[in-house]
Amino acid sequence: MESLQIPVMIITLIVLILSFLLYMVSFLNNRQSLKQTARFTVVAAFILNTILLMKRTVLAGTLPLSNLFEFGLFFVWAVLLVFLVIEYKYEMAGSGIFVLPVAIILLFWLFSHDHAIRPMMPALRSPWLFVHVLTAVIAYGAFAVSFTMAVMYLLKDYLLGANYKSILIKVLPSLDLLDELTYKITFIGLPFHTIMLVTGAVWAEFSWGRYWSWDPKETWALITWLIYAVYLHVRLMRGWKGKRAAILAILGFLAVIFTFIGVSYLLPGQHSYV
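Peer 1: Can you explain the overall build of the protein chain? Please cite residues and give values.
Peer 2: Within the protein chain, the regular secondary structure consists of 9 helices and 0 strands. Considered along the principal axes of its C-alpha atoms, the protein chain spans approximately 60 × 50 × 30 Å. Long-range contacts, defined as pairs at least 24 residues apart, comprise 79% of the intrachain contacts of the protein chain with a sequence gap of at least 6. Charged side chains in the protein chain number 19 positive and 12 negative. The centres of these two groups are separated by 8 Å.

Peer 1: Please provide a residue-by-residue account of the nonpolar core, values included.
Peer 2: Of all hydrophobic cores here, the largest spans 82 residues; its most connected members are Phe-75, Leu-80, Tyr-140, Met-149 and Phe-253. The set of elements that each furnish at least two residues to this core consists of α1 (5-29), α2 (32-60), α3 (68-90), α4 (96-110), α5 (128-161), α7 (175-208), α8 (216-238) and α9 (243-266). By residue number, the principal contributor to this core is α5, which donates 15 residues. Dropping the residues within four chain positions of it, Met-149 is found in contact with Met-92, Ser-95, Val-99, Leu-178, Leu-181, Thr-182 and Ile-185.

Peer 1: Quick one: what's the story with the packing of α3 against α4, residue by residue and with numbers?
Peer 2: One can describe the packing of α3 onto α4 by two numbers: an axis separation of 9 Å at closest approach and a directional angle of 165°. The pairing of α3 with α4 is recorded here as roughly antiparallel in orientation. Handedness of the crossing formed by α3 with α4: left-handed. On α4, the residues that touch Leu-68, Phe-69, Gly-72, Leu-73, Phe-75, Val-76, Val-79, Leu-80 and Phe-83 of α3 are Gly-96, Val-99, Leu-100, Ala-103, Leu-106, Leu-107, Trp-109 and Leu-110. Looking at the contact of α3 with α4 residue by residue, the class counts come to 15 nonpolar, 2 polar and no charged.

Peer 1: Lay out the pattern of salt bridges with the relevant residues and their values.
Peer 2: Applying the stated rule across the entire model yields 5 salt bridges. A salt bridge links Glu-70 to Arg-56, with the nearest nitrogen and oxygen atoms 2.7 Å apart. In this pair, Glu-70 is assigned in helix α3 and Arg-56 in helix α2, connecting sequence segments 14 residues apart. Close ionic contact of Asp-157 with Lys-243 constitutes a salt bridge, the shortest N to O distance being 3.6 Å. Here the residue Asp-157 occupies a position in helix α5, and Lys-243 occupies one in helix α9, the gap between them amounting to 86 residues. In this structure Asp-157 comes out as partly exposed when scored by relative accessible area, which is 24%. Here Lys-243 falls in the partly exposed class, since its relative accessible area comes to 46%.

What counts and how
- The residue numbers shown here count from 1 along each chain, following its written sequence.
- Side-chain atom pairs in this predicted model are given and counted only at pLDDT of 80 or more, local residue features only at pLDDT of at least 70, and totals for whole chains, interfaces and linings cover all residues.
- Note that the side-chain values use all heavy atoms of the structure and ignore hydrogens as well as water.
- Runs of H or I in DSSP of at least four residues are treated as helices and runs of E of at least two as strands, each being numbered from the N terminus.
- Whether two residues touch is decided by their heavy atoms; if any such pair falls within 4.5 Å, the residues are in contact.
- His residues and chain termini do not enter the charge count, which takes Lys and Arg as positive and Asp and Glu as negative.
- Note on charges: their place is set at NZ of Lys, CZ of Arg, CG of Asp or CD of Glu.
- Grouping buried Ala, Val, Leu, Ile, Met, Phe, Trp, Tyr and Cys residues that are joined through side-chain atoms within 4.5 Å yields what is termed a nonpolar core.
- When a residue's accessible area, from a 1.4 Å probe over protein chains only, is under 20% of the maximum for its type it is buried; when over 50% it is exposed; and in between it is partly exposed.
- To define axes, lines are fitted to C-alpha atoms, for helices over the stretch in contact only, and angles between the resulting N-to-C directions are given on a 0 to 180 degree scale.
- In this scheme, roughly parallel covers angles under 35 degrees and roughly antiparallel covers those over 145, while 65 to 115 is roughly perpendicular and the rest are oblique.
- The sense of a crossing depends on the near helix, which, turned anticlockwise from the far helix by less than a right angle, makes the crossing left-handed and, turned clockwise, makes it right-handed.
- Charged means Asp, Glu, Lys or Arg here, nonpolar means Ala, Val, Leu, Ile, Met, Phe, Trp, Tyr, Cys or Pro, and polar covers whatever is left, Gly included.
- Just to be clear on terms, a salt bridge is a Lys or Arg side-chain nitrogen sitting within 4 Å of an Asp or Glu carboxyl oxygen.

This is the structure in structure tokens:
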């Protein structure tokens, strides 16, 4: 069964690329039938990703959360889940051409990693692992989608300001909706990120006898939290909206990506489970 993982990943990637192309065509032609087909293919990709995670769970005898490859699979899963909820609730088919590339790039990047299932490291054998990592997955998935909403906002704001006659202006959601969704999705993601930090600190106390060690991944996770905390603070207390808020949301997701990928390769530490 372990040998079937790569074929399932390949099929999932192909389905996601097909979804992206369908969203692109429906985005340009505004055809409802294509939008429904595109949504169906994303659901299919989400199911395939779920099956892959379930298969690894059965083979490993525990939730697959022990290395970068497995976290990456959950990251893709969370991005697709949040996207499907937003796309269904707000009928934002056009967002597919912005959100799906994030999932496609992440999944494509995972092919370069060792997908073999190995016994969990002793340091990871703790009930805290599941809460700590799963809350991080939900937070990262939410931040990825809020990032794409912010990118869409800046793109439409630029096109309107430059007086471009582009189909993007008509098809992209209103600036107010994009701004509101960036805020709402971030508002959902930050509490989960907070739980991730707190449970990580408690787990560290049990494992290493100290709550915080300024490990590179801990530090960058805190930096990410601070960026999003500032985003929510200036929006709620200072009334920041629009372009400034969108730029902060984008900076926050860049910090997420560096925490997830960059730290593991450039600043290895206690969390370097690649």
